[in-house]
Amino acid sequence: MTAVVRVRGEASAEHAPDAAVLAVHARAVSPSSRAEALERASALAAGLRAALEPAATVRRVVLSRVSVHEQHAWDPDTGRHRRDGWEASVSGSVRVDADAAAAEAEVAAGAGAAIGGVAWGLGGPASARRAVRRAAVDAAREAAEDLADAVGRPLGALVELADAGLSSATAGAPELMMAKGRGAMGGEPELHLDPQDVTVHAVVEATYALD
């Protein structure tokens, strides 16, 4: 049976972002009806689109989530909750040029929207992923060469190469390749208006024969 070595190669690269995605949320209330609350929220959403979409630095406005619910308030006289109107909300995202994130966040806030956070990214990440995956492959071969040298055997041909979790040795595990903003949000939303570097990370698994 041919002896083999199985290795993992990992690589990362940081890139200045060229895009930002703002999470936006607009809400409106009506003391009398669900329909009125929804109408007011729709007007806020229309105003938000009108304020943002004409800007050259805004790439896309997506307002795709709508919710309406009845509000209740505690009545100390009766010791019960009583109906206290309706609240409607519209939320979504605004994709903008990275260097315009702060300015467009102010525009959105001025149009009545709350800013829940911002994610930094790359407009065309394919080339960045390709470069870092190639670097991970090089790292895997280097690791295999080190192992072969450690046992005094020449490194042979490549038998198998796959993204992490996809090789036959570990089939079923998830693929590990991601691009994320450094300083990602956790817990309460945090708004980073200074662009954060985007880290592109790749892991590959390789199997080499030993001659």
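Residues numbered from 1 in each chain as written. Predicted model: local features only at pLDDT ≥ 70, side-chain atom pairs only at ≥ 80, totals over all residues. Heavy atoms only, no water.

Draft legend 1. How the structure looks around the overall build of the protein chain. Each helix and strand in the protein chain was counted, giving three helices and eight strands. For the protein chain, the N- to C-terminal ordering of α and β elements is β-β-α-β-β-α-β-α-β-β-β. Burial statistics for the protein chain: of 211 residues in total, 35% are counted as buried. The contacts in the protein chain between residues at least 6 apart in sequence include a share of 79% that link residues at least 24 apart. (Helix = DSSP H or I, 4+ residues; strand = E, 2+ residues; numbered from the N terminus. Buried < 20%, exposed > 50% of the residue type's maximum accessible area, 1.4 Å probe, protein only. Contact = heavy atoms within 4.5 Å.)

Draft legend 2. Examining helix α3 (residues 126-150) more closely. A rise of 1.5 Å per residue sets the reference length of α3, with its 25 residues, at 36 Å; its end C-alpha atoms lie 36 Å apart and thus fit the reference within 8%. On its buried face, α3 sits against β1 (4-15), β6 (155-163) and β8 (198-210). Gly 152, located one to two residues past α3, shows a positive phi value of around 70°. (Expected span 1.5 Å × (residues − 1).)

Draft legend 3. Spatial organisation of the environment of Pro 195. Here Pro 195 shows up in the loop between β7 (177-181) and β8. As a C-alpha pair, Pro 195 and Ala 16 span 179 residues in sequence and 7.6 Å in three-dimensional space. Excluding anything up to four places from it in sequence, Pro 195 contacts Pro 17, Ala 98 and Trp 120.

Draft legend 4. Molecular detail of helix α1 (residues 34-52). Taking 1.5 Å per residue as the helical rise, α1 with its 19 residues ought to reach 27 Å, and the 27 Å between its terminal C-alpha atoms agrees with that figure. Where α1 is concerned, the buried positions are Ala 37, Ala 41, Ala 45, Leu 48 and Leu 52. Angularly, the buried residues of α1 cover 75° about the axis, an arc narrow enough to put them on a single face. Opposite the buried face of α1, at more than 90 degrees from it, the exposed residues are Ala 35, Glu 39 and Ala 50. If you follow the buried residues of α1, they end up packed against β2 (19-30), β3 (58-75), β4 (80-97) and α2 (101-110). (Arc of directions from axis to C-beta.)

Draft legend 5. Broad picture of the packing of α1 against α2. Direction vectors running N to C along α1 and α2 enclose 145°, while the axes themselves pass 9 Å from each other. At the point where α1 passes α2, the crossing takes the right-handed sense. Facing Leu 48, Ala 51 and Leu 52 of α1, the residues of α2 in contact are Glu 104, Val 107 and Ala 108. For the contact of α1 with α2, the residue count by class is five nonpolar, no polar and one charged. (Axes fitted to C-alpha atoms, helices over the stretch in contact; angles between N-to-C directions. Left-handed = near helix turned anticlockwise from the far one by under 90°. Nonpolar A, V, L, I, M, F, W, Y, C, P; charged D, E, K, R; others polar.)

Draft legend 6. Representation of a negative patch on the surface. Among the surface-exposed residues, Asp 138, Glu 142, Asp 146 and Asp 149 lie close enough to one another that they form a single negatively charged patch. The topology assignment puts Asp 149 in helix α3. Of the residues examined, Asp 149 reaches a relative accessible area of 62% and is grouped as exposed. (Patch = residues over 30% accessible without salt bridge, like charges linked within 9 Å, V, L, I, M, F, W, Y side chains within 5 Å. Areas by Shrake-Rupley, 256 points an atom, 1.4 Å probe, with all protein chains shown as cover. Salt bridge = Lys/Arg side-chain N within 4 Å of Asp/Glu carboxyl O. Lys, Arg positive; Asp, Glu negative; His and termini not counted. Charge placed at Lys NZ, Arg CZ, Asp CG, Glu CD.)

Draft legend 7. Focus on the nonpolar core. By size, the foremost hydrophobic cluster in this structure holds 41 residues, and its most contacted members are Val 24, Leu 48, Leu 52, Leu 63, Val 94, Trp 120 and Leu 155. Top contributing element to this core by residue count: β8, with seven residues. Apart from the residues within four sequence positions on either side, Leu 63 is in contact with Val 24, Ala 45, Leu 48, Arg 49, Val 90, Ser 91 and Gly 92. (Core = buried A, V, L, I, M, F, W, Y, C linked by side-chain atoms within 4.5 Å.)

Interpretation in functional terms is not warranted from these geometric data alone.
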